[in-house]
Amino acid sequence: MKLCRFNDGRLGIVEDGHVRDVTAALDALPAYRYPLPPFDPMIANLDAVAARALELAAAAPALPIDRVRLSSPVANPGKIVGAPVNYQKHLDEVRDNAALHHNVASTMAPIHTAGLFLKATSALVGPGDGIALRKVDRRNDQEVELAVIIGREANGVSAADGYKYVAGYAIGLDITIRGPEERSLRKSPDSYAVLGPWLVTTDEIPNPGDLNLRIAVNGEERQSSNTRYLILGVPELIAYASSFYTLRPGDIIITGTPEGVSPIQPGDVISACIEHIGTMEVRVRAA
Ligand code: MN
């Protein structure tokens, strides 16, 4: 199933270029009271929401997908976990280019040494929201990544069990200001984490470790690779992250970017595609 969020809070099932409006399926969610739980309620109750959505879909109005504004398919993640330098050829290009590494040792280290980082949840947007660039006098880069959406609590899990904790997948854009500061600052301005175009449940992804991914800017291809080249694959990343902190439903892991990171400017149009997930178009403007 492909589940999208669109037009300010509506829920849809995506099929054949259309969105079925199944917003009423959100009535399957329990009523939460303050203090709100530290996870995303829809992802924590995804089985119930998806079952209700399927019941509603047949009679639901169908809207052309290009006529809706797509939001992040996860509304309230507890955290967004980033994997730096998780493709060898990206590590090579960073080490070869001072404009990328700025002589910061952790930007030139492989993931086993550099560890993981966090992006602020306030950075999260959907493709329809676009990217609002800050510090436009500095280099801002696009990075296309397979995004993993955690489905249930994971604490100290093994890589052998890692896939059991996944709710689904999406495309992630890890927008990045190059420079000497901490990654958490350079990668967290509002709109610097794009998730979309929808959540694809695990049953539709035959092998997360063999997915073509690519990105074009203004029609010109910038990155093209496959997740088989990930240094730490999806289950290994879940094991690694959950050895440091508890992962909860709706937490997002962006798995790292392949080689070909390159600058973006206000006015650019990004098109990102991952096999078995889909394609999303994202517009870039100045903040
Ligand atoms: Mn990245």
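Residues numbered from 1 in each chain as written. Predicted model: local features only at pLDDT ≥ 70, side-chain atom pairs only at ≥ 80, totals over all residues. Heavy atoms only, no water.

**Student:** When you look at the sheet that holds strand β18 (residues 262-263) in this model, what are you seeing that I'm missing?
**Tutor:** Hydrogen bonds between backbone atoms are what pair the strands of a sheet, whose relative direction is either parallel or antiparallel. Taken in spatial order, the 3 strands line up as β13-β10-β18 in an open sheet, and their pairing is antiparallel. Each end of this open sheet is capped by a strand with a single partner; those strands are β13 (176-177) and β18. Across 2 bridges, strand β10 (residues 140-142) lies against β18 in antiparallel orientation. The residue of β18 that forms the bridge with Gln 142 is Ser 262. (Pairing = 2+ DSSP bridges. Helix = DSSP H or I, 4+ residues; strand = E, 2+ residues; numbered from the N terminus.)

**Student:** What should I look at first to understand the nonpolar core in this one?
**Tutor:** Nonpolar side chains tend toward joint burial in soluble globular proteins. One finds Ile 131, Leu 173, Ile 238, Ile 270 and Ile 277 to be the most contacted residues of the largest nonpolar core, which totals 51 residues. When residues of this core are assigned to domains, at least three fall in each of domain 1 (2-67) and domain 2 (80-286). Those residues in contact with Leu 173 that lie beyond four places of it in its chain are Ile 131, Glu 143, Val 144, Tyr 192, Ala 193, Val 194, Ile 215, Ile 270, Ala 272, Met 280 and Val 282. Counting residues in each nonpolar core, the second largest holds 27 residues, with Ile 13, Ile 43, Val 49 and Ala 123 among its members. (Core = buried A, V, L, I, M, F, W, Y, C linked by side-chain atoms within 4.5 Å. Buried < 20%, exposed > 50% of the residue type's maximum accessible area, 1.4 Å probe, protein only. Domains from an automatic or database assignment. Contact = heavy atoms within 4.5 Å.)

**Student:** Please explain the layout of surface pockets as it appears in this structure.
**Tutor:** Over the atoms rolls a probe the size of a water molecule, and in doing so it shows where empty space is left. The space that makes up the largest pocket amounts to roughly 310 Å³. Taken together, 16 residues form the lining of the largest pocket, with Val 68, Leu 70, Pro 127, Met 280 and Glu 281 sitting closest to its centre. The element contributing the most residues to the lining of the largest pocket is strand β20 (residues 278-286), with 6 residues. Residue composition of the lining of the largest pocket, grouped by class: 8 nonpolar, 3 polar and 5 charged. (1 Å grid on protein atoms, 1.4 Å probe; cavity = no way out; pocket = protein on both sides within 12 Å on 5 of 7 lines; lining within 4 Å. Points joined across faces, edges and corners; volume = space filled by probe spheres on them. Nonpolar A, V, L, I, M, F, W, Y, C, P; charged D, E, K, R; others polar.)

**Student:** What is the right way to look at the domain arrangement of the protein chain in this model?
**Tutor:** Much of the literature gives interface size as the accessible area that the parts lose upon coming together. Parsing the protein chain into structural domains produces domain 1 (2-67) and domain 2 (80-286). For domain 1 and domain 2, the distance between their C-alpha centroids amounts to 24 Å. Of the roughly 960 Å² buried at the junction of domain 1 and domain 2 (both faces included), carbon and sulfur atoms supply 70%. On the domain 1 side of the interface with domain 2, the three residues burying the most area are Lys 2, Leu 3 and Ile 43, jointly 53% of the side's total. For Glu 204, the salt bridge is made with Lys 2, and the minimal N-O distance between the two is 2.8 Å. Remark: the boundary between domain 1 and domain 2 carries 3 residue pairs in polar contact (both at pLDDT 80 or more). At the level of elements, β1 (2-6) and α1 (41-44) are the ones that each hand at least two residues to the side of domain 1 that touches domain 2. (Buried area = accessible area lost by both parts, 1.4 Å probe. Salt bridge = Lys/Arg side-chain N within 4 Å of Asp/Glu carboxyl O. Polar contact = N/O pair within 3.5 Å; in protein donor to acceptor, adjacent residues only side chain to side chain.)

**Student:** Just to check I follow, could you spell out the coordination of the manganese ion for this structure?
**Tutor:** For a metal with four tetrahedral donors the ideal donor-metal-donor angle is 109.5 degrees, while six octahedral donors give ideal angles of 90 or 180 degrees. Bound to the manganese ion are the protein donor atoms Glu 143 (OE), Glu 145 (OE) and Asp 174 (OD), situated 2.0 to 2.2 Å from the metal. Considered as a linear motif, the donors of the manganese ion on their single chain read E-x1-E-x28-D. The exposure class assigned to Glu 143 is buried, which follows from its relative accessible area of 4%. On the basis of relative accessible area, Glu 145 is assigned to the buried category, the value being 1%. (Donors = N, O, S within 2.8 Å, 3.2 Å for Na, K, Ca; no water.)

**Student:** So what exactly am I meant to see when it comes to helix α2 (residues 46-57) here?
**Tutor:** Note on helix geometry: an α-helix contains 3.6 residues per turn, so any two residues three or four positions apart are oriented the same way. Spanning 12 residues, α2 covers 16 Å between terminal C-alpha atoms, matching the ideal 16 Å at 1.5 Å per step. Restricting attention to buried positions, one finds in α2 the residues Leu 46, Val 49, Ala 50, Ala 53 and Ala 57. End-on view of α2: buried residues confined to an arc of 95 degrees, all on one side of the axis. Exposed and oriented more than 90 degrees from the buried face of α2 are Asp 47 and Glu 55. (Expected span 1.5 Å × (residues − 1). Arc of directions from axis to C-beta.)

**Student:** When you look at the sheet that holds strand β15 (residues 212-217) in this model, what are you seeing that I'm missing?
**Tutor:** Spatially, the 5 strands line up as an open sheet ordered β9-β20-β19-β15-β16, and their pairing is mixed. The outermost strands of the open sheet, each flanked by one partner alone, are β9 (131-133) and β16 (220-226). Direction aside, the axes of adjacent strands within the sheet are offset by 20 degrees on average. Summarising the sheet, β9 and β20 pair through 3 bridges and their orientation is parallel. (Axes fitted to C-alpha atoms, helices over the stretch in contact; angles between N-to-C directions.)

**Student:** Please clarify how the pairing of strand β2 (residues 10-15) should be interpreted in this entry.
**Tutor:** Each regular strand shows side chains that alternate between the opposite faces of the sheet. Pairing between β1 and β2: 4 bridges, direction antiparallel. What sits directly across from Leu 3, in β2, is Ile 13. Taking the residues between adjacent antiparallel strands as the criterion, β1 and β2 are bridged by 3 residues, where Asn 7 takes a positive phi near 45 degrees. Between β2 and strand β3 (residues 18-21), which pair antiparallel one after the other, the connecting turn spans 2 residues, and Asp 16 there sits at a positive phi close to 50 degrees.

**Student:** I keep staring at the side chain of Asp 251 and nothing clicks. Help me out?
**Tutor:** Within the secondary structure layout, Asp 251 lies in the loop between α7 (234-242) and β17 (252-254). Within the local environment of Asp 251, its side chain forms a polar contact with the side chain of Lys 79, the two groups lying 2.6 Å apart. Asp 251 has contacts with Pro 77, Gly 78, Lys 79, Val 148, Ile 149, Ile 150 and Thr 246, leaving out every residue within four places of it along the chain.

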